[in-house]
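Below, each chain spelled out in residue letters.
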Amino acid sequence: MDYLQKLAEKLTILNERGSGVLIRMNYIKKTCADPKMRPSILTDKVMEPAIKHINKKFPSIDFRGNSQSLTCIQRQKSEVLSATSIYYDSFLDVIEFRDHVYELLNTIDACQCFFDIAINFDFTKSYLDLITTYTSVIIILSRIDDKKSLVGMFNCAHEMSNGSSDPSYPRLGQMFVEYEHPWKKLTEEFGPHTRSVTSALLSLGALYPRRNLPAEQWRSAQLLSLLSAPATMLDPACCDTIACEYLSMEVMERWIIIGFLLCHSSLNTHLASQELWKMGLRSGLFLTLTRDEQLNIHKVTEDLFDNIKGYSKRVADIKECREHVLVNSGAMHRERRHFLRGALKELYNVLEDEPGLLGPKALFVCMALSFSRDEILWLVRHSDNMPKIKTPEDYIDNQMAELLFYMEKLRGLMRKYKYRVVQRYHVQYLAQFDALVLNDTTQNMYVCPEEESVLLSSFVSTLSALSIKQVDNKEEFDLQPLRLDWLRLQAYSSVSKAPLPIKQYPDLARVMSVIQFHTKMVDDIEEVLHETSELSIFYFFPRVFEKMFSQSSDQMKRFLMSFPSVCSHFSDCGHPLCPEETEVVEKKSLRLCVNFLEQIAKQTSSVILEICAEQCTLHDQLLPKHCAETVSAARYRKQKKPLPKKGEVQKEKPGAESLRKDRAVVSNVDKLHLMLTELCSTYSLCSDLIVSEHIVVPTEFLLSHLETRFSEIIVRMANFSQTTQEIARPSDLLAGIKAYTATLQSLASYVNVDITRMIKSVLLQQTQPLDSRGVQTITTLYTNWYLESLLRQASNSFIVHCPTMHCFVNQVTENDPSFKAEEFSDISELRALAELIGPYGLKFLSENLMWHITSQVSEIKKLVIENMDVLVQMRNNSDKPEEMANLKRRLTGGENMLKRLTIIGVILSFRAMAKDCLKDTLEKHCPYLMGPIKGLSENLSPEADIKETLIVNELASAAGLSCNIDPALVAAIGSMQTDNTSIDEEYKLSCLLLVYVAVSLPALALDPNSCYTREHGGHNNNVHCLATAINQLLAAMFTVQSKNIEQHLKEFLLLASSALLQLGQNMERVESKNRESVYLLLHMIVEESPFLSQDMLERCFPYVLLRNAYREVYKSFVITLG
């Protein structure tokens, strides 16, 4: 008959169902209390009269009366039904659960079941869990303020729709009324169950005091230490009550407090009950019902007992226990946490060094995790409701990160060696030892009924069938049926008058308790880890969690990764009965994890970048620009001149900071390196985290922060000022970046991150106009500066292009220049610029330069159009000197045109210098790439198709090689053509421009600044840049128009030679003092042109004139020998 009761099955199912109903009730409570999640039907202003009426009349609501309050429900009855049905059904689940619980409790009382946590552990635990779960459901239900409104609205809408009330409504309404004062009603209901509940609780009398010891006794017993007895290190950890050793203290305290609240009569009849109850009251101030719902232990108990006669002594006990908690509890738990930090560290270090010990000492890991979890749960409960005491520091733990860290480390070890060590060891243990012991125990039993005998025999056969080959073949083990059968056997043998009373066979209980633990180590390690170390409570106390993180950020940097790691526990707190909660939990847990990782990454990146800044400062001291003082001092010593006065402080040489008399003196860099070591060590906890089905990689957050900060630092190091137009020299910035990257590379020796990828990403982004965040890069800053500052002043002749030194130099003026042009445009600086912004950056610079060139070309074309008639006649009468002289007088805007053409030449000269430096940089960094590009460019056939030529030229130009035809200029000129102009018209304008320039060159001799200087290798007003402009611009124009470049340049040469020869005949010496300098311009044009030669020049311009011109301009140059 006892087998038909199915007590074990009902307990298992009801506990699982109760957990779901409890979570569901808690979710409804939170939903109704949160303004953002509150059901719209409760916030609708129209429904307010109906809600007030229902709450007032509940549960007897007569909607058939003349009440106008319920008309709003009548109008929206379908909407009300759909909105409230889910809540109504959830409340019906409570009634159903309640009915099944009372039926089972009555059955257990009728069977007079025996409960002892040390003998029938699973049966007793399931029984006590069911009582506390049911009580928690009722308490949470009573805390839902809107339950009457929701149920009443549903029933009104149901009755209006169907003509009758819902059949379950009367019982549901009656339950709500009965449980308005839940504890009073619950104590009445549990009166008949006092004997069973008390007997189950009293079985904790030996276990709970043994587990609830102060840290001093733990320390003296060397609890959790594997090193205390080296001789027994390989012996399996075992005891008579193995499952009790890692049973949660919080669970036991919940059983004791709630159990004796429900069955308080035993407190006056059993001294043992009273002692156990007092011990539970001294455990703390608050008890968790579920999630963040707590029970104020002393207040609830005192309120209940105040209304019961004869309980004045118990009320006095409550007050005494509360005072004890306030005085002693905080310090006791603080010392426990301090002990556990050291114990877990030692345990982890030993097991990490010898992972084979995880087999025999798996129980130690479970105990360590369970003890630590209990202390964390206690602290979280009380930190959120900290009492007003003199020592609040007992409720603040700045070292919580360390405890969490080693808990996560131990969990990681168990998972890492789950198959190789733990499962392998326990499979052999079960088959070769436990099965034999169980068989012997069964054989020695003097009574063994058939049903029990079948179960015990199946246990032995199942265990004996296990083999190491199954582990090697990676077979899946499932020993859950064996554990369920053992629970059934406990239920069968715990009833009154059982054929096999389990209390008479404690050896069987002991053996099966060990076997059950060993089977869990084979196939259910994750469930054991969940039971002993799951910390999803932090999800429901985010403020406490974040506060603990901030408190640990100062002293416990190396353990901070434990906080985001704990966020991976949060996905375990859901239940199928409350699926709505899953999405909310996922989002919030991921947000918390990301927040912690962002803060850790922010701290780490700040420290490493501070070290980089220090190293950059030291590196800057070694730059050549700082050696002047040292050289000067050396000269003083060599010449035996008097040293500076004593009052003057001599500057320390680089490296002086490394000289120390005492190693105990710690520098700022030492502190930063120590801090960096601690922060980086926290990343060793795990390479990735799985949080709510998202794989989170902590080091990626660090790289992301470093990327953002490094980008900001590079731009900041450029020191660009919009107001003063000042900027750092490219070589200085490059030196700073190299110092930063060298230090950043050292980060790889601290933590396993791909720092090279991050550096490459940042530097590559700096070659683009904007980085990934849309912020201006050094490419944009330097492009704008060179255009707006250097080239703008060069176009006004304040800065001169100097071909001899391959740079730009300042003109000598009365006002001091804002910067020295040669410090930003010489070869070393432009090479540094090329290395900083690379081919992409120089392409962007080139595009901006081309925009300025096209704007000048547009203006020049307008001047050509204005003088078109004159230019046409001049082209047709080029062989008639008198006619040309008359036509030249009618020509206007020549100086303006030459000025604009000079600006184009200056821009192209700067671009050529930058490209040369890019070529040098690429040859240094990637010679094997430059070789094929050079070969392709040099071996290009002159007869090749122009499209192929431009493609090859574009490749060569991108690599910094010079081309006969500039592809970028061709593209820019080609883009200027509009639909309104034909190719023939553009060709005509190009030809006339050629004439315009040629006949305007003599006008340069009138400009006093057209003087050629040997020092610069050019003219003071940059007109020598006309050679570059004429060659490249005309070549690009005629390429766009598909005309012969050489033929038209020959025509230009004839016209220019004729015009300059006329200059020698018609102008007085005084007026044309710069005539020789202008003659040299013609030679420069031919010299720079790939299409013209000296032979062509000599046919139209006497070489003797060029020779004399060179002699004349060099005559005035004074040569000095140092």
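Structure: see above.
Quick summary incoming for the structure in this document. (Residues numbered from 1 in each chain as written. Predicted model: local features only at pLDDT ≥ 70, side-chain atom pairs only at ≥ 80, totals over all residues. Heavy atoms only, no water.)

This next bit is on the overall build of the chain. Looking only at helices and strands, one finds 48 helices and eight strands in the chain. Expected size for 1122 residues packed as a compact globule is a radius of gyration near 32 Å; at 46 Å, the chain overshoots this value by more than 25%. Structurally, the chain occupies a C-alpha span of about 140 × 90 × 65 Å along its principal axes. Split into buried and exposed, the 1122 residues of the chain put 53% on the buried side. Put simply, 79% of the contacts in the chain that link residues at least 6 apart link residues at least 24 apart. In the form shown here, the chain has an accessible surface area of approximately 51600 Å², with 52% of it arising from carbon and sulfur atoms. (Helix = DSSP H or I, 4+ residues; strand = E, 2+ residues; numbered from the N terminus. Rg over C-alpha atoms; globule rule 2.2 N^0.38 Å. Buried < 20%, exposed > 50% of the residue type's maximum accessible area, 1.4 Å probe, protein only. Contact = heavy atoms within 4.5 Å. Areas by Shrake-Rupley, 256 points an atom, 1.4 Å probe, with all protein chains shown as cover.)

Quick look at the packing of helix 46 (residues 1075-1088) against helix 48 (residues 1103-1115) now. Helix-helix packing is characterised by the crossing angle of the two axes and by the distance between the axes. Running from amino to carboxyl end, helix 46 crosses helix 48 at an angle of 125 degrees, the nearest separation of the two axes being 9 Å. Taken together, helix 46 and helix 48 sit at an angle that is classed as oblique. In this structure, helix 46 meets helix 48 at a crossing whose hand is left-handed. On the side of helix 46, the interface is formed by Glu1076, Ser1077, Tyr1079, Leu1080 and His1083, while helix 48 contributes Leu1105, Leu1106, Ala1109, Tyr1110, Glu1112 and Val1113. Looking at the contact of helix 46 with helix 48 residue by residue, the classes come out as seven nonpolar, two polar and two charged. (Axes fitted to C-alpha atoms, helices over the stretch in contact; angles between N-to-C directions. Parallel < 35°, antiparallel > 145°, perpendicular 65-115°, else oblique. Left-handed = near helix turned anticlockwise from the far one by under 90°. Nonpolar A, V, L, I, M, F, W, Y, C, P; charged D, E, K, R; others polar.)

This paragraph deals with the pairing of strand 6 (residues 807-810). Every second residue of strand 6 is oriented toward a common face, with Cys807 and Val809 on one face and Phe808 and Asn810 on the other, all of them buried. As defined by bridge partners, strand 5 (residues 799-802) adjoins strand 6 across four bridges and the pair is classed as antiparallel. Residue pairing across strands places valine 800 opposite valine 809, the latter belonging to strand 6. Counted between consecutive antiparallel strands, the loop separating strand 5 from strand 6 contains four residues, among which histidine 806 sits at a positive phi close to 55 degrees. (Pairing = 2+ DSSP bridges.)

Right, let's get into the packing of helix 1 (residues 7-33) against helix 5 (residues 77-111). Packing of helix 1 against helix 5 brings their axes to within 10 Å, and their N-to-C directions diverge by 150 degrees. For the element pair helix 1 and helix 5, the recorded crossing hand is left-handed. Class assignment for the residues of the contact of helix 1 with helix 5 results in 14 nonpolar, five polar and six charged.

A word on helix 30 (residues 668-681). With 14 residues, helix 30 extends 20 Å from end C-alpha to end C-alpha; this agrees with the ideal 20 Å at 1.5 Å per step. Along helix 30, the residues that are buried comprise Val669, Asp670, Leu672, Leu676, Glu678, Leu679 and Cys680. Buried residues along helix 30 sit against helix 28 (580-621). (Expected span 1.5 Å × (residues − 1).)

Attention shifts here to the packing of aromatic side chains. A complete count under the given rule lists 43 aromatic pairs for this structure. Geometrically, the ring pair formed by tyrosine 425 and tyrosine 429 is tilted, given 5.8 Å between the ring centres and 40 degrees between the ring planes. Taken together, the residues tyrosine 425 and tyrosine 429, both in helix 19 (residues 418-443) and four residues apart, mark about one turn of the helix. When its relative accessible area of 24% is taken as the criterion, tyrosine 425 is described as partly exposed. Accessibility expressed as a relative area gives 15% for tyrosine 429, which makes it buried. Considering the side-chain rings of tryptophan 785 and phenylalanine 824, the 4.6 Å spacing of their centres and the 35 degrees angle between planes classify their relative orientation as tilted. Linking tryptophan 785 in helix 34 (residues 778-795) with phenylalanine 824 in helix 35 (residues 822-825), this pair joins segments that are 39 residues apart in sequence. Like tryptophan 785, the residue phenylalanine 824 is buried in the burial classification. (Phe/Tyr/Trp six-rings, centres within 6.5 Å; stacked < 30°, edge-to-face > 60°.)

All right, on to the nonpolar core then. Within the largest apolar cluster, 234 residues are counted, with the highest numbers of intra-cluster contacts made by Leu410, Phe538, Leu744, Leu747, Phe808 and Leu901. Looking at which element gives the most residues to this core, the answer is helix 36 (residues 827-866), with 15 residues. Excluding residues that lie within four positions of it along the chain, leucine 744 makes contacts with Ile608, Leu609, Cys612, Leu706, Phe710, Ile755, Met758 and Ile759. Listed in part, the 104 residues of the second largest apolar core include Leu22, Ile41, Leu207 and Val495. (Core = buried A, V, L, I, M, F, W, Y, C linked by side-chain atoms within 4.5 Å.)

What follows is about the pattern of salt bridges. By the definition in use, this model includes 58 salt bridges. One salt bridge in this structure joins lysine 30 and aspartate 292, with 3.3 Å as the shortest N-O distance. On the criterion of sequence distance, the pair formed by lysine 30 in helix 1 and aspartate 292 in the loop between strand 1 (286-290) and strand 2 (293-296) is long-range, its members being 262 residues apart. On the basis of relative accessibility, which here comes to 27%, the residue aspartate 292 falls in the partly exposed class. Ionic pairing is found between arginine 334 and glutamate 335, a salt bridge with its closest N-O pair at 3.3 Å. On the basis of relative accessibility, which here comes to 25%, the residue glutamate 335 falls in the partly exposed class. Taken together, the salt bridges that share partners define one network made up of Lys29, Lys30, Arg143, Asp292 and Glu293. (Salt bridge = Lys/Arg side-chain N within 4 Å of Asp/Glu carboxyl O.)

Here alanine 1027 is to be found in helix 44 (residues 1026-1040). The exposure class of alanine 1027 is buried, given its relative accessible area of 0%. The spacing of alanine 1027 and leucine 901 is 126 residues in sequence and 9.7 Å in space, taken between C-alpha atoms. Setting aside residues up to four positions removed in sequence, alanine 1027 forms contacts with Leu1081, Met1084, Ile1085 and Glu1088.

Along the polypeptide, valine 101 turns up in helix 5. The sequence separation of valine 101 and glutamine 504 amounts to 403 residues, and the corresponding C-alpha distance is 29 Å. In contact with valine 101, other than residues within four places in its own chain, are Leu14, Leu130 and Tyr134.

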